[in-house]
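Letter by letter, the chains look like this.
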Amino acid sequence: MSYEQFMRLEPLLPHLESITLFGKYEPLVCKDFTKIFNKISEYPIESYFSTNGIKLTREIAESLVGRLKYLTVSITGFTPDTYKKSMGARQLDRVKENLRVLNELKAERRTELPMLRISTVAMQDTLDEIELALDFVNEFDAVEGLQVTSFKAHADHLRHLMPLSDIENYRKFCRTAMDYAEKIGVKLDLQSGDVESNEEQTRDLGHRYCDMPWHRLSLQANGDVFACPVSYDPIGNFLETPILDIWRGSTLSTFRKGVNDPENMNEDCKNCTHCRHRSLLNPEANDFSEAERYIAGMTRI
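Thresholds applied
- Throughout this document, residue positions are counted from 1 along each chain, in the order its sequence is written.
- The predicted nature of this model means local features are confined to residues of pLDDT at least 70 and side-chain atom pairs, given and counted, to a pLDDT of 80 or more, with totals for whole chains, interfaces and linings taken over all residues.
- To obtain the side-chain values, all non-hydrogen atoms of the structure were used and water was disregarded.
- Labels follow the DSSP assignment, with helices taken as runs of H or I lasting at least four residues and strands as runs of E lasting at least two, numbered in each case from the N terminus.
- All radius of gyration figures rest on C-alpha atoms, and the globule criterion is 2.2 Å times the number of residues raised to 0.38.
- Contacts are residue-level and defined by heavy atoms, with any inter-residue pair within 4.5 Å sufficient.
- Per-residue and other accessible areas follow the Shrake-Rupley method at a 1.4 Å probe size, with only the shown protein chains counted as cover for residues.
- Just so you know, the count uses Lys and Arg for positive and Asp and Glu for negative, and it drops His and the chain ends.
- Charge positions come from single atoms, namely NZ of Lys, CZ of Arg, CG of Asp or CD of Glu.
- By salt bridge we mean one thing: a side-chain nitrogen of Lys or Arg within 4 Å of a carboxyl oxygen of Asp or Glu.
- Exposure classes here rest on a 1.4 Å probe applied to the protein chains alone. A residue is buried below 20% of its type maximum, exposed above 50%, and partly exposed in between.
- At least two DSSP bridges between two strands are required for those strands to pair.
- A right-handed crossover is one whose linking path, passing over the helix from the first strand to the second, runs clockwise when the strands point away from the viewer.
- All axes here are fitted lines through C-alpha atoms, helices being fitted over the stretch that makes contact, and every angle between N-to-C directions spans 0 to 180 degrees.
- With respect to orientation, any angle under 35 degrees is reported as roughly parallel, any angle over 145 as roughly antiparallel, any angle of 65 to 115 as roughly perpendicular, and every other angle as oblique.
- Rotating anticlockwise by less than a right angle from the far helix to the near helix defines a left-handed crossing, while the corresponding clockwise rotation defines a right-handed one.
- For this scheme, ten residues count as nonpolar: Ala, Val, Leu, Ile, Met, Phe, Trp, Tyr, Cys and Pro. Four count as charged, namely Asp, Glu, Lys and Arg, and the remainder, Gly too, count as polar.

## Examining the overall build of the protein chain
Along the backbone of the protein chain there are eleven helices and nine strands. Compactness check: the protein chain gives a C-alpha radius of gyration of 20 Å against a globular reference of 19 Å for 301 residues, within 12% of the reference. Based on the C-alpha atoms only, the size of the protein chain along its principal axes is roughly 50 × 50 × 35 Å. In the protein chain, the proportion of contacts linking residues at least 24 apart, taken out of those at least 6 apart, comes to 66%. Split by element, the accessible area of the protein chain, about 15,200 Å² in all, is 48% carbon and sulfur. For the protein chain, the separation between the mean place of its 37 positive charges and that of its 47 negative charges on side chains is 4 Å.

Next comes the structure, spelled out in structure tokens:
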């Protein structure tokens, strides 16, 4: 998203309590990221974004420290080899160095901001690294702890990595993670919950109770507006329609009515894929190996 596109949203900024600066892609590849963040910082908005940390340069860190509220760094694989296998590049040392620089700047400016969180994806071949992940959190003073999301498969050869492919192994992983986190005093967020709590909380609706479309919108660089980050079809386009009109409009109102109603549920919500709301045990919420369409307008090529 360019700065000029972003400025179409300026009428919304005085009304926002929080803003999340990422979506389908790595946010730090946006050439206007710092300029957009500086504009947001003119308002009393709680800001947050998630990054793989590779492009978290000193220049960018200097703009964030003391102003960004929360920063999540996504890492799956906590040795050079497993990082390369999961993330596709041998960049773990670079990410570590970027985090050291970030923490040095925070210490120099005597600020806790941004509060750091590490996020990792639970895949069957990385579950045994959970203690390494929690130790990493301690090493880099990630006060917001470790966030664990569960893997979704987008190709046949990846199905065996889903938690539901060996649910007993995933149960064991959850217990180990909770026990070790408590032992070393690290905050742990299993986003989908453990297997038992997830099964109970998704039994009636097929997903956990959700209030997201009453509080947030997901906006894409082409102007498309989605009622939720994991919905499939846009409810408008902010380059064509004022964003406040979309927020107050009938299309979003209709979508909201179908979020938690099992009798009249939106197609997007029936098999919710959101990391905080989806079922761990429903294959249709985890296996997209044959899907031609995906969230936020993505299609297979």
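## Quick word on the pattern of salt bridges
All told, the structure shown has 16 salt bridges when counted by the stated rule. Across the pair lysine 31 and aspartate 32 runs a salt bridge whose closest N-O atoms are separated by 3.5 Å. Residue lysine 31 is classed as exposed on the basis of its relative accessible area, which comes to 73%. Among the residues examined, aspartate 32 registers a relative accessible area of 12% and is labelled buried. Note that aspartate 233 is salt-bridged to arginine 293, the shortest N-O span being 2.7 Å.

## A short note on the pairing of strand β3 (residues 70-74)
Relative to β3, strand β2 (residues 46-51) runs parallel, the two being bridged by four bridges. By the bridge assignment, phenylalanine 49 is partnered in β3 with leucine 71. In this fold, the crossover linking β2 to β3 by way of helix α3 (residues 58-64) has right-handed handedness. Judged from the five bridges that link them, β3 and strand β4 (residues 115-122) form a sheet pairing that is parallel. Residue pairing for β4: threonine 72 is matched across the bridge by arginine 117.

## Concerning the packing of helix α6 (residues 130-139) against helix α7 (residues 167-184)
Between α6 and α7, the shortest axis-to-axis distance is 9 Å and the interhelical angle comes to 30°. With respect to their mutual orientation, α6 and α7 come out roughly parallel. For the pair α6 and α7, the sense of crossing is right-handed. Between α6, through Ile130, Glu131, Leu134, Asp135 and Asn138, and α7, the contact on the second element is made entirely by Phe173, Thr176, Ala177, Tyr180, Ala181 and Ile184. Residue classes in the contact of α6 with α7 are distributed as seven nonpolar, two polar and two charged.

## Examining the sheet that holds strand β1 (residues 18-20)
Judged by pairing direction, the sheet is parallel, and its six strands sit side by side in the order β1-β2-β3-β4-β5-β6 without closing on themselves. Two strands lie at the open edges of the sheet, namely β1 and β6 (188-190), each paired on one side alone. Here the average twist between neighbouring strands, direction ignored, is 20°.

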